[in-house]
Amino acid sequence: MNKNVESIVAEILGQSSVFESTTARVSSSGDYASFADVDSAIAAAKEAFNTFNQQPLASRQKAIEGIKSGLAGFIEKLSEDAHVETGMGNIADKINKNKAALFNTPGVEDLETRAITGDGGITLFEYAPYGVIGSITPSTNPTETIINNTISMIAAGNTICYSPHPGAAKVSIWTIEKIEQLIFDAIGIRNMIVCVKQPSFDSTKAMMSNPDIALLAVTGGPGIVKMAMQTGKKVIGAGEGNPPVIVDETADIAKAGADIVAGASLDYNLPCIAEKAVVVVDSVADKLLTEFTKNGAFWVNNPADISKLKQAVLTEKGVNKDYIGKSPRTILEGAGIAVSGEPRLVVVEVAKDDPLMMREQLMPVLPVARTTDFDDALATALNVEGGCLHTAAMHSQNVSRLNKAAKAMRTSIFVKNGPSFAGIGVGSDGFTTFTIATPTGEGTTSARSFARLRRCVLNEAFNIR
Ligand code: NAD
């Protein structure tokens, strides 16, 4: 009987053993997703890895498709629950962040193979899995980070033990349990992602020291990144930032005003990439501040109110945690400043070295400092960024200056003439990530960041040139 290509492909696709797992692999412990203790959770994720590691690439893609289609209807719930549990940010922006994580995180296609061929044969460089990854997630983007990390890490062939922030435990565990079930439904393997039932700082420490954790991915503040680095394990550290935005006198000031308000107000400034300090050349400072107000910002410009605002948001111990991720109105009222309506952002003029400029606040209060010229602005921005190597932005029409600043800042993300979120693929080209590795250098992470580069050689063959 003659077989055409279509029937041959259909026949091969029909052989489920080639493209998918045939039988459901249940955990030997009988528990799924959330466990009483860290060691049991990691043991289950290791068992899952041993099975997953035998599966074809198609299985990874199938798991990711299962997550995308199954979680899409829960984005609003996740966003609302995260807002209610943490008391931070706003639901509308969380919906957009979760959508970006779910639909714009790359999958298996991110693992691009490199090959060298010659008289000596063929040498392949392939991205292979680590095993069980320990992922520590923040309270500021709890579900976004879990969605984004799961897709990236599973695409690279790993399984994951999560250590969610205790302040976002309920919504994080719900998300992990839901995704675990969706992956099981898609590929029949249990415990591809796991966590403990009651996340605590102690359970995070126990996870970090477990010998079966092959790699630590830490998305959080400087304390936890440093702690992970002291374990001696390989760490992908996504730490704090204090992103400055430079505006020079050549910039399109109307666009700069609109972009900066959009970026800095996103989820009440919780994203680590959001503009956290403005450095503007004096000659266009008043115009920029006026543009901020045209875009819905509240300009605190009388000296008594400036002093009240500063006292409210910065205490002797540092940033006032009561105002992290709170609305502009809540912060202004708390500071005793009269406000009407719902401003998108609070802007306030301060000195170049004011504590408001120098600290990551994670709240919609944006300090603005004047500088004499572009060189002064660049020096100030470098000081404000403080060597976090995280994110910076600049608005200018002068290509030489844009180039000079991009090179000098050395940040993982540098956005020119756009809002900061353009740097994570929102309203721009490029993929989305919520884990921007800073001190360890992987930058905007994707599947390949969570893979080991392996070299595979076939000697004296497969060069067909
Ligand atoms: P955080 O540092 O309070 O917590 C992060 C994680 O570390 C949590 O899971 C928490 O449980 C754990 N943790 C913190 N201290 C610990 C300790 N002493 N022992 C054990 N575990 C500990 O961070 P957060 O407030 O949720 O997030 C905000 C910070 O994270 C900001 O500094 C922000 O810039 C940063 N962040 C960075 C990125 C990035 O991609 N670079 C992304 C999001 C947030």
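Residues numbered from 1 in each chain as written. Predicted model: local features only at pLDDT ≥ 70, side-chain atom pairs only at ≥ 80, totals over all residues. Heavy atoms only, no water.

Trainee: Where do I start with unusual backbone geometry in this structure?
Mentor: Both trends apply: most residues other than glycine have a negative phi, and most peptide bonds are in trans. The phi torsion at Asn-269 lies on the positive side, around 70°, for a residue other than glycine. By the element assignment, Asn-269 lies in the loop between α11 (253-265) and β10 (277-281). With phi around 60°, Glu-460 is a residue other than glycine that occupies positive phi space. Checked against the element boundaries, Glu-460 lands in the segment after β20 (451-459). We classify Glu-460 as exposed; its relative accessible area is 65%. (Helix = DSSP H or I, 4+ residues; strand = E, 2+ residues; numbered from the N terminus. Buried < 20%, exposed > 50% of the residue type's maximum accessible area, 1.4 Å probe, protein only.)

Trainee: Sorry, what's going on with the packing of aromatic side chains here?
Mentor: Each aromatic ring pair is summarised here by two numbers: the centre-to-centre distance and the angle between the ring planes. A full pass over the atoms with the stated rule returns one aromatic pair. Centroid distance Phe-74 to Trp-174: 5.4 Å. Interplanar angle 55°. Geometry classified as tilted. Remark: Trp-174 occurs in helix α8 (residues 169-187) and Phe-74 occurs in the loop between α4 (57-71) and α5 (75-86); sequence separation between them is 100 residues. We note Arg-114 situated over the ring of Phe-125; from NZ or CZ to the ring centre the distance is 4.4 Å. Across from the ring centre of Tyr-32, 3.6 Å away, lies the NZ or CZ of Arg-190, which sits over that ring. (Phe/Tyr/Trp six-rings, centres within 6.5 Å; stacked < 30°, edge-to-face > 60°. Lys NZ or Arg CZ within 6 Å of the ring centre and 35° of its normal.)

Trainee: Hey, could you run me through the nonpolar core in this one?
Mentor: The nonpolar side chains of a soluble globular protein tend to be buried with one another. Judged by nonpolar contacts, the single largest core of 74 residues is most densely connected at Ile-183, Val-247, Val-278 and Phe-292. The greatest single-element share of this core, amounting to eight residues, is contributed by α8. Setting aside its immediate chain neighbours within four residues, Val-278 contacts Val-245, Val-247, Ile-260, Leu-288, Phe-292, Met-357, Leu-366, Pro-367, Val-368 and Ala-369. (Core = buried A, V, L, I, M, F, W, Y, C linked by side-chain atoms within 4.5 Å. Contact = heavy atoms within 4.5 Å.)

Trainee: Where do I start with the state of the cysteines in this structure?
Mentor: Here, the word disulfide means a covalent bond between the sulfur atoms of two cysteines. Counting across every chain of the model gives zero disulfides. Among the cysteines around Cys-272, which has no disulfide bond, Cys-388 carries the closest sulfur, lying 10 Å off. (Disulfide = S-S within 2.5 Å.)

Trainee: Explanation requested: the sheet that holds strand β8 (residues 235-238) in the structure shown.
Mentor: Backbone hydrogen bonds hold the strands of a sheet together, and the pairing may be parallel or antiparallel. Within the open sheet, the six strands sit side by side as β1-β6-β5-β4-β7-β8. Their pairing is parallel. The sheet is open, and its two edges are formed by β1 (34-35) and β8, each paired on a single side. (Pairing = 2+ DSSP bridges.)

Trainee: Would you mind going over the site of the ligand with me for this structure?
Mentor: In the neighbourhood of the ligand, 27 residues make up the surrounding shell, with Ser-139, Gly-221, Gly-239, Glu-360 and Ile-436 lying closest. Ser-163 is positioned such that a nitrogen or oxygen atom in its backbone is 3.4 Å from an oxygen atom of the ligand. If the ligand stood free it would expose 840 Å²; the protein chains cover 86% of that surface. For the shell around the ligand, the residue count by class is eleven nonpolar, 14 polar and two charged. (Near = heavy atom within 4 Å. Polar contact = N/O pair within 3.5 Å; in protein donor to acceptor, adjacent residues only side chain to side chain. Areas by Shrake-Rupley, 256 points an atom, 1.4 Å probe, with all protein chains shown as cover. Nonpolar A, V, L, I, M, F, W, Y, C, P; charged D, E, K, R; others polar.)

Trainee: What am I meant to see in the pairing of strand β6 (residues 193-196) here?
Mentor: Remember that side chains alternate between the two faces of the sheet whenever the strand is regular. Of the two faces of β6, the one holding Ile-193 and Cys-195 and the one holding Val-194 and Val-196 are both buried throughout. The sheet contact formed by strand β5 (residues 159-163) and β6 spans two bridges and is parallel. Considered in β6, the bridge of Cys-161 is made with Val-194. For the crossover from β5 across α8 to β6, the handedness is right-handed. (Right-handed = clockwise from strand over helix to strand, strands pointing away.)

Trainee: Teacher, can you tell me more about the side chain of Thr-159 here?
Mentor: As for its position among the elements, Thr-159 is in strand β5. Taking the relative accessible area as the measure of exposure, Thr-159 reaches 0% and is therefore buried. If we ignore the near neighbours within four places in the chain, the residues touching Thr-159 are Ala-45, Ala-48, Phe-49, Phe-52, Gly-131, Val-132, Ile-133 and Met-192.

Trainee: Which parts of the structure should I look at to understand the packing of α11 against helix α12 (residues 285-294)?
Mentor: Working note: a packed helix pair is described by the angle between its axes plus the distance between those axes. Between α11 and α12, the least distance of the axes is 8 Å, while the angle of their chain directions is 50°. On the basis of the axis angle, α11 is oblique to α12. α11 and α12 meet at a crossing whose hand is right-handed. On the side of α11, the interface is formed by Ile-253, Ala-254, Ala-256, Gly-257, Ile-260 and Val-261, while α12 contributes Lys-287, Leu-288, Glu-291 and Phe-292. Counted by class, the contact of α11 with α12 contains seven nonpolar, one polar and two charged residues. (Axes fitted to C-alpha atoms, helices over the stretch in contact; angles between N-to-C directions. Parallel < 35°, antiparallel > 145°, perpendicular 65-115°, else oblique. Left-handed = near helix turned anticlockwise from the far one by under 90°.)

Trainee: Hey, could you run me through the pattern of salt bridges in this one?
Mentor: Scanning the entire structure with this criterion turns up 22 salt bridges. Lys-97 is the partner of Glu-144 in a salt bridge, and the nearest nitrogen-oxygen pair spans 3.3 Å. Placement of Glu-144 in helix α7 (residues 142-155) and of Lys-97 in helix α6 (residues 91-103) is noted, with a sequence separation of 47 residues between them. No difference in accessibility class separates Glu-144 from Lys-97, as the two residues are buried. One salt bridge in this structure joins Asp-282 and Arg-370, with 2.9 Å as the shortest N-O distance. One end of the pair, Asp-282, is in the loop between β10 and α12; the other, Arg-370, is in strand β15 (residues 365-371), and 88 residues separate them in sequence. Residue class for Asp-282 comes out partly exposed when judged on its relative accessible area of 40%. (Salt bridge = Lys/Arg side-chain N within 4 Å of Asp/Glu carboxyl O.)

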